[in-house]
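# An overview of the molecular structure
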Amino acid sequence: MSEDRLGMRMPFDEELLSGYLDGALTQQDTQRVRVHLEESTSARALLEELRMMREASMSSRIETPGDAQWSEVPKTPASRWSKRAGFSLLLVWLTVVSGVVLWGVATGTEAWWEKALVFGGIAGLGLLFFSVLQDRIRTSRTDRYRGVKK
């Protein structure tokens with residue numbers, strides 16, 4: 001506890017010690033901390049503990065894992081092949097299903113609103129895919145983080 005101008009005891013904010021250690025306090029708060037440190041052995045011990053933790057954290061070295069450890073790219077030829085085959089098969093399936101649905105709607109006797117509903121959904125998904133693809137192609141040329149891995 002420290003005293004205010006009227007001589008009354010007021011609680012000390014221990015968070016000020018961190019600011020004091022960083023040199024980020026106002027002149028008034030710095031003076032308040034110095035006075036408190038003169039009076040309190042526990043505050044001096046806490047300040048020393050904070051100083052030691054700061055030095056330990058500043059001198060710690062963090063080793064970054066190698067790129068192979070972070071990469072999500074399939075590592076074996078079999079896994080690369082199955083990934084490509086799976087995406088190719090999915091793309092072919094989606095194309096065939098979309099074509100069959102559109103052909104059935106275009107030649108069928110369904111109501112106009114059913115045709116609009118199906119066509120609108122497929123067209124909307126197609127436009128969303130196209131817009132994302134277009135943005136990815138445009139930003140891939142100037143992407144600053146292109147070589148950054150996780």
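Bear in mind that the values here come from a model prediction, so they are computed numbers and not experimental data.

With that out of the way, let us pick up the overall build of the protein chain. Summing up its helical and strand segments, the protein chain has six helices and two strands in all. Going from N to C terminus, the protein chain has its helices and strands arranged as β-β-α-α-α-α-α-α. Put simply, the protein chain has 150 residues, and 11% of those count as buried. Of all intrachain contacts in the protein chain linking residues separated by at least 6 positions in sequence, the fraction that spans at least 24 positions is 33%.

Okay, the pattern of salt bridges next. A full pass over the atoms with the stated rule returns three salt bridges. A salt bridge links Arg51 to Glu48; its shortest N-O distance comes to 3.2 Å. Taken together, the residues Arg51 and Glu48, both in helix H3 (residues 41–59) and three residues apart, mark about one turn of the helix. Note that Asp135 and Arg138 form a salt bridge whose closest N and O atoms lie 3.4 Å from each other. One end of the pair is Asp135 and the other is Arg138, both in helix H6 (residues 112–140) and three residues apart, which spans about a single turn.

To continue, consider the nonpolar core. Of all hydrophobic cores here, the largest spans eight residues; its members are Phe12, Leu16, Leu17, Leu21, Val33, Leu37, Ala43 and Leu47. Not counting the four nearest positions on each side in its chain, Leu16 is found in contact with Leu25, Asp29, Arg32 and Val33.

Attention shifts here to the confidence of the model for the protein chain. Model confidence for the protein chain is summarised by a mean pLDDT of 78, while 83% of its residues fall at 70 or above. Mean pLDDT across the elements of the protein chain bottoms out in strand S1 (residues 2–3) (46) and peaks in helix H2 (residues 27–39) (90). Note on residues 1–8: pLDDT is under 50 here. Beyond four places in sequence and across chains, it has 13 contacts.

Attention now moves to the packing of helix H1 (residues 15–22) against H2. Interaxial distance between H1 and H2 falls to 10 Å at its minimum, and their mutual angle equals 110 degrees. One way to sum up the angle between H1 and H2 is to call them roughly perpendicular. Once H1 is placed against H2, the crossing between them reads as left-handed. Along the contact surface, H1 presents Leu16, Leu17 and Tyr20, while H2 presents Asp29, Thr30, Arg32, Val33, Arg34 and Leu37. Taken together, the residues of the contact of H1 with H2 sort by class into five nonpolar, one polar and three charged.

About the criteria used
- Residues numbered from 1 in each chain as written.
- Predicted model: local features only at pLDDT ≥ 70, side-chain atom pairs only at ≥ 80, totals over all residues.
- Heavy atoms only, no water.
- Helix = DSSP H or I, 4+ residues; strand = E, 2+ residues; numbered from the N terminus.
- Buried < 20%, exposed > 50% of the residue type's maximum accessible area, 1.4 Å probe, protein only.
- Contact = heavy atoms within 4.5 Å.
- Salt bridge = Lys/Arg side-chain N within 4 Å of Asp/Glu carboxyl O.
- Core = buried A, V, L, I, M, F, W, Y, C linked by side-chain atoms within 4.5 Å.
- pLDDT = per-residue confidence, 0-100.
- Axes fitted to C-alpha atoms, helices over the stretch in contact; angles between N-to-C directions.
- Parallel < 35°, antiparallel > 145°, perpendicular 65-115°, else oblique.
- Left-handed = near helix turned anticlockwise from the far one by under 90°.
- Nonpolar A, V, L, I, M, F, W, Y, C, P; charged D, E, K, R; others polar.

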